[in-house]
Structures are given as structure tokens and as C-alpha cells.
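Observations on chain architecture
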Amino acid sequence: MSTNSFDTKAAAWDTQDRIERARVWAQAFLREVAPGPDAVVADFGTGTGLLSQAVAPHVGEVIALDSSAGMLAVLQQKCQAGGLENVRYQHFDIETDTLQPAMCDVFISCLTLHHLRSIDHYASTALGALKSGGCALVIDLEEEGGEFHEDHAGVHHHGFSRVALEQVFADAGFCAIRFQTVYHIRKKSRSGTERDFPLFMMLAYKPAAEV
Ligand SMILES: C[S@@+](CC[C@H](N)C(=O)[O-])C[C@H]1O[C@@H](n2cnc3c(N)ncnc32)[C@H](O)[C@@H]1O
């Protein structure tokens, strides 16, 4: 496992702001997707598992996936401390690894897509990992002109156009794609001014298999 830039951020990742926003995202997910109590949720780019922790009490199982060994080590400590018996974590790099087909009912990623080189590859990976009728949920930045991150290393997209992202997911085979604004992050921009960065939540469904 090679070191990645998130390894060094892992120990200090769980700030009050990040815990709070994961709680808000989890509520939006539970409200909009209404997963059943047996649902299997994959949290791709889980980081230290903040969303996984917030979602776990409401679903059957959470599979927390990330390419950072440092982030997963923090999540492992939380799991060992107890109370997250239905959270399973797995080292997974979307650029090199593959997932078991139809492994989950919901495939989530929060603030991870902009770190990926290929969104086409992400959409086809999510489609393959979902069961028929399952839901992909993406929370990420609206187009932000390169102002969100101070350091652009490892940042492959400066947010997303909703129209362009919808097209990528439709081309991959998803249907019933819809967006809503789910959060605003207020922080100092790269050029030094304090501003709001809106986040969208996109829901996209894998068509149900015909019987
Ligand atoms: C900005 S963090 C978001 C973490 C978490 N979702 C949260 O909101 O607190 C992005 C995460 O994506 C992971 N990541 C980046 N590239 C990845 C890849 N190629 N495969 C899997 N995970 C990746 C990073 O290790 C990091 O934990």
C-alpha cells in the first residue's frame, strides 16, 4: 500500500465541522433514499468513516472503502472501540482495484469525486457494484473555479457542472437522475476571501432488471 496525501491528514480529520456535515448528509440520504433496515451501503472514499458512522444505525451493513491506509486506520480504531458492528472497512483504490458485482443497494461518495481522474470510470464502477434498482448518491462541489483547495495536488476537478455530471451517469446506464443543494461549506478561498462553496447531492438509479 503506497502512502497518499490523505494518510497525513487522517489523525486530525474528525473536526466538529466535518462531523456535523456528515450528520447533515446522512439525514439527507435517509430522507431521500429511504433505505430499508437490511440495506447494504458502500461508502466510497469513506475517509475516517464519518458518513458511515452516521448511516450505520439505520441500515443493515456499511462497507467503507478508501485508498488511504491512514484514513482507514482511524476508522479501524473507531470500530475496535465498539458500536459500529455493522461497519466493514476495506482498502480499495478505484484506479487499480475491482469490486464484487452487485455488492450493495446504495453506492455513496462524499467529496471524493473531485479527487478522481476518471468520472466515467467511477460511474461504471458504481453501476457494476449496485444491485438492480440500487441508487448511486454523490455529494460534491458545484463548479468552483479552483478556489476551494489551496493545494491542487490530487484535485482533478474544480467541482462539477450538474449537466455534465448527469450526462456521464446517463451514458453509464443510470436513470431517474436528480440533484438538490445539500450543504454549503464556508471557508477561506484560495485567493484569500471568505466565501460559501455550495454542495449538490445527486441521486441516480440503476434500472431494475426486467423479470
Ligand atoms: C476529501 S476526502 C473525503 C472523506 C470523507 N468522505 C468525508 O467526507 O469526510 C476524499 C477521500 O477519498 C479518498 N480517495 C481519493 N482517491 C481515491 C481512490 N482513487 N480510490 C479510493 N479512495 C480515494 C481519499 O483517501 C480520502 O479519504
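Everything discussed here concerns the structure shown above.
Please read these numbers as outputs of a predicted model, since none were measured by experiment.

Below, the discussion takes up the overall build of the protein. For the protein, the count of helices and strands is five helices and seven strands. Going from the N terminus to the C terminus, the protein shows its helices and strands as α-β-α-β-α-β-β-α-β-α-β-β. Since a compact globule built from 211 residues should have a radius of gyration of about 17 Å, the 16 Å found for the protein is in line with a globular shape. Seen along its three principal axes, the alpha-carbon backbone of the protein occupies a region of about 55 × 45 × 35 Å.

Quick look at the environment of Gly 49 now. Along the polypeptide, Gly 49 turns up in the loop between β1 (40–44) and α2 (50–55). Residue class for Gly 49 comes out buried when judged on the 27 C-beta atoms lying within 10 Å of it. For Gly 49, the residues in contact, after removing those within four places along its chain, are Ala 64, Leu 75, Lys 78, Val 87 and Tyr 89.

Here helix α1 (residues 16–33) contains 18 residues, and its C-alpha end-to-end distance of 26 Å stays within 8% of the 26 Å for a straight helix at 1.5 Å per residue. The complete set of buried residues in α1 reads Arg 21, Ala 22, Trp 25, Ala 26 and Phe 29. Along the long axis of α1, the arc covered by the buried residues comes to 145 degrees, so they all point the same way. Exposed side of α1, more than 90 degrees from the buried face: Gln 16, Asp 17, Glu 20 and Arg 31 are the residues found there. Count one or two residues on from α1 and you reach Ala 34, which has phi positive near 45 degrees.

For the rest of this paragraph, the subject is the sheet that holds strand β7 (residues 194–205). With respect to topology, seven strands assemble into an open sheet ordered β3-β2-β1-β4-β5-β7-β6, the strand pairing being mixed. Both edges of this open sheet fall to β3 (87–91) and β6 (175–188), since each of them pairs with a single strand only. Between one strand and the next, the sheet's axes are offset by a mean angle of 15 degrees, whatever the strand orientation. The sheet contact formed by β1 and strand β4 (residues 104–110) spans four bridges and is parallel. Note that in β4 the partner of Phe 44 across the bridge is Ser 109. In this fold α1 packs onto β4, β5 (130–141), β6 and β7, with an angle of close to 165 degrees to the strand it touches most, β6. Where helix α4 (residues 119–129) meets the sheet, its contacts fall on β1, β4 and β5, and the angle it forms with β5 comes to roughly 145 degrees.

This part is about unusual backbone geometry. Unlike most non-glycine residues, Ala 34 shows phi in positive territory, near 45 degrees. Mapped onto the elements, Ala 34 comes out in the loop between α1 and β1. What makes Ala 34 exposed here is the crowd of 10 C-beta atoms within 10 Å. Phi is positive for Leu 111, which is not a glycine, with a value near 55 degrees. Following the sequence through the fold, Leu 111 ends up in the loop between β4 and α4. When the 21 C-beta atoms within 10 Å are taken as the criterion, Leu 111 is described as buried.

You can see Arg 186 is positioned in strand β6. C-alpha of Arg 186 to C-alpha of Asp 120: the two residues are 66 residues apart in sequence and 29 Å apart in space.

Of all 14 residues making up β6, only one are buried, and the element is barely covered by its neighbours. With 11 bridges joining them, β6 and β7 adopt antiparallel strand pairing. Bridge assignment links Tyr 183 to a residue of β7, and that residue is Leu 199. Counting the residues between successive antiparallel strands, the hairpin from β6 to β7 contains five residues, one of them, Gly 192, with a positive phi of roughly 100 degrees.

The rules behind these values
Residues numbered from 1 in each chain as written. Predicted model: local features only at pLDDT ≥ 70, side-chain atom pairs only at ≥ 80, totals over all residues. Helix = DSSP H or I, 4+ residues; strand = E, 2+ residues; numbered from the N terminus. Rg over C-alpha atoms; globule rule 2.2 N^0.38 Å. Buried ≥ 20, exposed ≤ 12 C-beta atoms within 10 Å, placed from the backbone. Contact = placed C-beta atoms within 7 Å. Expected span 1.5 Å × (residues − 1). Arc of directions from axis to C-beta. Pairing = 2+ DSSP bridges. Axes fitted to C-alpha atoms, helices over the stretch in contact; angles between N-to-C directions.

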